[in-house]
Amino acid sequence: PVLVVDFGAQYAQLIARRVREAKVYSEVIPHTTTVEEIVAKNPLAVVLSGGPSSVYADGAPKLDPALFDHDIPVFGICYGFQAMAGALGGTVAETGTREYGRTDIAVSGGLLHDGLPATQPVWMSHGDAVTEAPSGFEVTATSDGAPVAAFEDRARKLAGVQYHPEVLHSPHGQQVLSRFLHEIAGIPAAWTASNIADALIEQVREQVGDGHAICGLSGGVDSAVAAALVQRAIGDRLTCVFVDHGLMRAGERTQVEQDFVAATGARLITVDAADTFIGELAGVTDPETKRKIIGREFIRSFEGAVSDVLGENASHGATVDFLVQGTLYPDVVESGGGTGTANIKSHHNVGGLPEDLQFKLVEPLRLLFKDEVRAVGRELGLPEEIVGRQPFPGPGLGIRIIGEVTRDRLEILRHADSIAREELTSAGLDGTIWQCPVVLLADVRSVGVQGDGRTYGHPIVLRPVSSEDAMTADWTRLPYETLERISTRITNEVADVNRVVLDVTSKPPGTIEWE
Ligand code: XMP
């Protein structure tokens, strides 16, 4: 792999994605990883990410110069660029000129920016600057605040940039990163959907051997792709289980029971568990508690399904040892399983799993981002209605009712949600938004007036977001006409709702879901 060393930047995941967009597999590792550990992973290259600190700050993460003794190609970005300059004998100084945001650089010579405009905008975020490149390096870009804004030593396959090539505000950034990977480091572009699918199918075969597996289907893209992959790997030793927890949106169950089965021919069992889930959630308002209950009940439902799965074989001692989940890289990172990140929320299938889990987990998508999962799904022949779906969380409407989950409240939210979805689809906006949670503030009431009378109803929140991978997101600027239609219809058609509000918060600071 290409290893992206996380110096505490919010951008490390993004860099890993960008490397993969250049068709090279990458993983994020913490900056505490030693050079021996890095060398042991046999990386094709190392990318040093940006970070929040100044290289001079107390406790600033250090870069061990020994990294450069192993003929590993290295690319430094922002903090990583400065750390690299320092470690190789260049000079990093506090120039007093901070650059933050859009900045122009002037490029000349070198391979990184070859053929790109002589002056180009990039995204900067730094106080210190490299004032002198280490010996052997050619300086190939400068800006007002960064005398050395890019350097390269092609013979040693080392290069770096002061700016952030990974963000969209650096329009040529992806080309620069690709140049480093393919031309300076000489890495082939081999990470493609078909190679990924083949490799994952092989891994699943190895892990499961001749065992049996079940896969929880949620109706979402991830579990569908995971199931299709595992089916390719082990055939009918996979049974899919759809747990109807009563927290689904309108029409969801039919979609799974029809579309998925039609596309894959997989064996599917449906478990009716609404009473259990809603019963267990009674009286619960704390988001993390809800998530843990839902995560636990999913597993209990899978355990309950096992005897159905095995049928007669159970009496011959057969068992189901494996549970397939569509866990993605961002789920892992956000549930605190990543590299030194805080636990923001327990995704039902990661931090929400019970401790006495009887199954071994098969998570073929654990290291992938959503767009990669979609590409793999298409590669496996899944139809666009499945792979193109917007994400919907496993805990469903349970984490979109702020307050206790009850059947009446679910009914209200389901109705409001179906109106919002209908209007977004008919306005042709499905492709522009990443997803649009519809949230019921069940413990909030406000005064309204409808048909000459006073109402005292609940607000519905619309949370349309745009995102590349759900790690960060921006609120989507929906057309006013669409918002108006949604608002009018929800307040007219949904009993007990007399107000529709729009969430205009990006992530960070807000998360996408409210709980
Ligand atoms: P947040 O709210 O963390 O959401 O910004 C990021 C993405 O993850 C989805 N999400 C979940 N998906 N189980 C899931 O399968 C969960 O427990 C869960 N929680 C959030 C959310 O819809 C968004 O796409």
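Residues numbered from 1 in each chain as written. Predicted model: local features only at pLDDT ≥ 70, side-chain atom pairs only at ≥ 80, totals over all residues.

Quick reminder of the rule: UniProt positions are given in the numbering used here, feature names are shortened, and annotations may be inferred rather than shown by experiment.
Labelled according to an unreviewed UniProt entry, the protein appears under the name GMP synthase [glutamine-hydrolyzing], originating from Rhodococcus erythropolis. UniProt annotates the protein under Catalytic activity (unreviewed entry) with the comment "XMP + L-glutamine + ATP + H2O = GMP + L-glutamate + AMP + diphosphate + 2 H(+)". Taken from UniProt, the Pathway (unreviewed entry) comment for the protein reads in full: "Purine metabolism; GMP biosynthesis; GMP from XMP (L-Gln route): step 1/1."

## Some remarks on the overall build of the protein
Note the cut-off: Going along the chain from the N terminus, every DSSP run of H or I of four or more residues is numbered as a helix, and every run of E of two or more is numbered as a strand. Here the C-beta atoms are placed from the backbone, and a residue counts as buried if at least 20 other C-beta atoms lie within 10 Å of its own, exposed if 12 or fewer do, and partly exposed otherwise. Two residues qualify as a contact pair if the distance between their C-beta atoms, derived from the backbone, is within 7 Å.
Check the secondary structure of the protein and you find 14 helices and 21 strands. Dimensions of the protein, computed from C-alpha atoms along their principal axes, come out at roughly 70 × 70 × 40 Å. Of all 515 residues assigned to the protein, the portion counted as buried reaches 46%. Considering only residue pairs separated by 6 or more positions, the protein has 73% of its internal contacts joining residues 24 or more positions apart.

## With respect to the domain arrangement of the protein
What counts here: Domain delimitation follows an automatic or database domain assignment.
If you check the domain split of the protein, you get domain 1 (2-184), domain 2 (193-387) and domain 3 (406-502). One C-alpha centre belongs to domain 1, the other to domain 3; they are set 43 Å apart.

## Points about the sheet that holds strand S11 (residues 238-244)
The following threshold applies: Criterion used throughout: strands pair if DSSP finds at least two bridges between them. Only the stretch in contact is used when fitting a helix axis, every axis being a line fitted to C-alpha atoms; angles between N-to-C directions are given from 0 to 180 degrees.
Reading across the sheet, the 5 strands line up as S12-S11-S10-S13-S14 and stay open at both edges, with parallel pairing between neighbours. Each edge of the sheet is formed by a strand with only one pairing partner; in this case those strands are strand S12 (268-272) and strand S14 (360-362). Between one strand and the next, the sheet's axes are offset by a mean angle of 30°, whatever the strand orientation. Here 5 bridges tie S11 to S12, and the two strands are oriented parallel to one another. By the bridge assignment, Val-243 is partnered in S12 with Val-271.

## A closer look at the UniProt feature "binding site: ATP" (unreviewed entry) in the protein
If you check UniProt for "binding site: ATP" (unreviewed entry), the listed places come out as Ser-218, Gly-219, Gly-220, Val-221, Asp-222, Ser-223 and Ala-224 in our numbering. Structurally, Gly-220 can be placed in the loop between strand S10 (212-217) and helix H6 (221-234). With sequence-adjacent residues up to four places away left out, Gly-220 is seen in contact with Gly-326, Arg-389, Pro-391 and Phe-392. Residue classification places Val-221 among the buried residues on the basis of 23 C-beta atoms within 10 Å. Setting aside residues no more than four positions away along its own chain, Val-221 makes contact with Val-373, Arg-374, Gly-377, Ile-386, Val-387, Arg-389 and Pro-391.

## Here we look at unusual backbone geometry
Cis peptide bonds are those with omega within 30 degrees of zero, and the linkage from Lys-507 to Pro-508 qualifies with -15°. As for its placement among the helices and strands, Pro-508 is situated in the segment after strand S21 (497-502). Following Pro-508, the chain continues into Pro-509 via a peptide bond in cis, with omega recorded as 10°. Looking at the secondary structure, you find Pro-509 in the segment after S21. Despite not being glycine, Asn-42 shows a phi value in the positive range, around 55°. Within the secondary structure, Asn-42 is located in the loop between helix H2 (35-40) and strand S3 (45-48). Judged by local crowding, Asn-42 falls into the exposed class, with 9 C-beta atoms found within 10 Å. One non-glycine residue, Asp-496, lies in positive phi territory at about 75°.

## Brief notes about the pairing of strand S17 (residues 446-450)
Across the 5 residues that make up S17, only a small minority, 0, are buried. Of the strand pairs in this sheet, S17 and strand S18 (residues 453-462) are connected by 5 bridges, and their pairing is antiparallel. By the bridge assignment, Ser-446 is partnered in S18 with Gly-457. Between S17 and S18, which follow one another and run antiparallel, lie 2 residues, and Gly-451 among them has a positive phi close to 55°.

## Let's talk about the packing of helix H5 (residues 193-208) against helix H11 (residues 370-379)
For clarity, the threshold we go by: Each angle is binned into one of four classes, with values under 35 degrees roughly parallel, values over 145 roughly antiparallel, values of 65 to 115 roughly perpendicular, and all other values oblique.
Two elements in contact, H5 and H11, have axes separated by 9 Å at closest approach and are oriented at 80°. Classified by the angle between their axes, H5 and H11 sit roughly perpendicular to one another. In this structure, H5 contributes Ala-193, Ser-194, Ile-196 and Ala-197 to the contact, and H11 contributes Glu-372, Ala-375, Val-376, Arg-378 and Glu-379.

## Concerning the nonpolar core
Quick note on the threshold: By definition, a nonpolar core groups buried Ala, Val, Leu, Ile, Met, Phe, Trp, Tyr and Cys residues that are joined through C-beta atoms within 7 Å.
Counting residues in each nonpolar core, the largest one holds 142 residues, and the members touching the most others are Val-47, Ala-213, Ile-214, Cys-215, Val-225, Leu-229 and Val-230. Looking at this core, the element that brings in the most residues is H6, giving 10 residues. Core analysis: the second largest hydrophobic core is formed by 5 residues, Val-465, Ala-470, Ala-473 and Ile-512 among them.

## Things to note about the sheet that holds strand S5 (residues 91-107)
Reading across the sheet, the 9 strands line up as S2-S1-S3-S4-S9-S8-S7-S5-S6 and stay open at both edges, with mixed pairing between neighbours. The open sheet has two free edges, formed respectively by strand S2 (26-30) and strand S6 (119-132), since each of these has just one partner strand. On average, adjacent strands in this sheet sit at an angle of 20° to one another, irrespective of strand direction. In terms of strand pairing, S5 meets strand S7 (residues 138-142) through 2 bridges, oriented antiparallel. Looking at S7, one finds that Val-107 is bridged to Ala-141. Seen against the sheet, helix H1 (residues 12-21) touches strand S1 (2-6), S2, S3 and strand S4 (74-77) and runs at an angle of roughly 155° to S2. Of the strands in this sheet, S3, S4, strand S8 (150-153) and strand S9 (158-161) are in contact with helix H4 (residues 173-184), which crosses S9 at around 180°.

## Considering helix H7 (residues 252-264)
Residues separated by three or four positions in an α-helix point in the same direction, a consequence of the helix having 3.6 residues per turn. Which entries qualify depends on this criterion: Every helix has an expected span of 1.5 Å times one less than the residues it contains. What the arc measures is the spread of directions leading from the helix axis to the C-beta atoms.
Taking 1.5 Å per residue, 13 residues should reach 18 Å; H7 reaches 17 Å between its end C-alpha atoms and fits that length. Of all the residues in H7, the buried ones are Val-256, Phe-260 and Thr-264. Taken down its axis, H7 places every buried residue within 15° of arc, on the same side. Summarising the geometry of H7, the exposed residues directed more than 90 degrees from the buried face are Thr-254, Gln-258 and Ala-262. Those residues of H7 hidden inside the fold are in contact with S10, H6, S11 and helix H12 (384-387). Looking at the residues trailing H7, positive phi occurs at Gly-265, about 70°.

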